[in-house]
Amino acid sequence: MASAANPIEAVQMRRNRWLSLPAVLFIAAFGIGPLILMLIYSFLKAAPYGGVEWSFTTDAYVYFLFQRDIFDDTLQFAPDFLIIYLRSFVFALITTAVCLLLGFPTAYFMATRPPAQRNWWVLLITIPFWSNLLVRTLAIMFIIRDQGLLNGFLIWIGIIDTPITLLYTDFAIVIGLLYSYLPFMVLPLYSSLEKFDFRLVEAGFDLYATRRQVLWRIIIPLARPGIIAGCLLVFIPALGAYVTPLILGGGKHLMIGDLIAQQFGSGRNWPLGSAQAFILMAAVLVALLFYVRNTSGKVQHGR
């Protein structure tokens, strides 16, 4: 029976490979191919008016942290790009943390509703996706500007006398990122909590556990896959956000996405833009590998 099954399994595996071939070719052509091209560009010399000159150099990676003195051609430390990267990481971390704090209670509330009502709550969460990100970001701009709805309401109820400057600040960027990516946190959490057996919560209370103990020892450990997925889905796109900081930051508070776009646009320095993109990708991959390694180690030791 085993020898008869092996040929059948081999035929099925061969058929599955052929069926997956179009998807593999598509990913290679439009996913891996551009990355390889950008990697090559990052080691080339920038042409004077855009494009590249086909001569090998590592200047793009050197100029990420250093710049040459115009008089003696020596390298001097220039932390401008590094500051933008650190700012982007901070914004992404703040966005992820606040989305988790807001998204977890929201997802828990949705998961504890009667089954007939859950689909309606999911529909409400997905409504922002019905419009373009640019339109949603412009809506936030009209709300928080000096003559916007928020300042008008605060003046009307007497909390402030003059408008508060919120637009074109770091606060505006974080608010825009929260509004844009909060659904990416809620939906994975809801998917995880929807499958949760709430009899375990009742068992915890029957064993005289407090609400905090039930939350930290029962609910959160079992919802960990949704928490991890939600954090990744928020952190990675927030780190490379382009539209939100460009509009709500007014071009004065750059993030990584805006910086890279400038190199390919007005800066006309394609190698530097490619190098900055790969530095970002490498930093994210290192962080993810470090996290996965630590998480898998804890799981193997039963923690």
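Criteria and cut-off values
- Residues numbered from 1 in each chain as written.
- Predicted model: local features only at pLDDT ≥ 70, side-chain atom pairs only at ≥ 80, totals over all residues.
- Heavy atoms only, no water.
- Axes fitted to C-alpha atoms, helices over the stretch in contact; angles between N-to-C directions.
- Helix = DSSP H or I, 4+ residues; strand = E, 2+ residues; numbered from the N terminus.
- Left-handed = near helix turned anticlockwise from the far one by under 90°.
- Contact = heavy atoms within 4.5 Å.
- Domains from an automatic or database assignment.
- Buried area = accessible area lost by both parts, 1.4 Å probe.
- Salt bridge = Lys/Arg side-chain N within 4 Å of Asp/Glu carboxyl O.
- Nonpolar A, V, L, I, M, F, W, Y, C, P; charged D, E, K, R; others polar.

A. Quick peek at the packing of helix H3 (residues 80-111) against helix H10 (residues 224-239). Contact pair H3 / H10: the axes reach a minimum separation of 9 Å and the direction vectors enclose 145°. The crossing of H3 and H10 is right-handed. Across the interface between the two elements, Ser88, Phe89, Ala92, Leu93, Thr95, Thr96, Cys99, Leu100 and Phe104 from H3 touch Ile227, Cys231, Val234, Phe235, Ala238 and Leu239 from H10.

B. Here's a closer look at the domain arrangement of the protein. Split into domains, the protein comes out as domain 1 (1-41) and domain 2 (79-302). The C-alpha centroid of domain 2 is placed 34 Å from the C-alpha centroid of domain 1. Domain 1 puts four residues into the contact, and the matching count from domain 2 is seven residues. For the pair domain 1 and domain 2, the two sides together bury roughly 490 Å², of which 83% comes from carbon and sulfur. Three residues stand out in domain 1 for area buried against domain 2, namely Leu35, Met38 and Tyr41, and they jointly supply 89% of the buried area on that side. There are zero salt bridges connecting domain 1 and domain 2. In the side of domain 1 that touches domain 2, the residues fall into four nonpolar, no polar and no charged.

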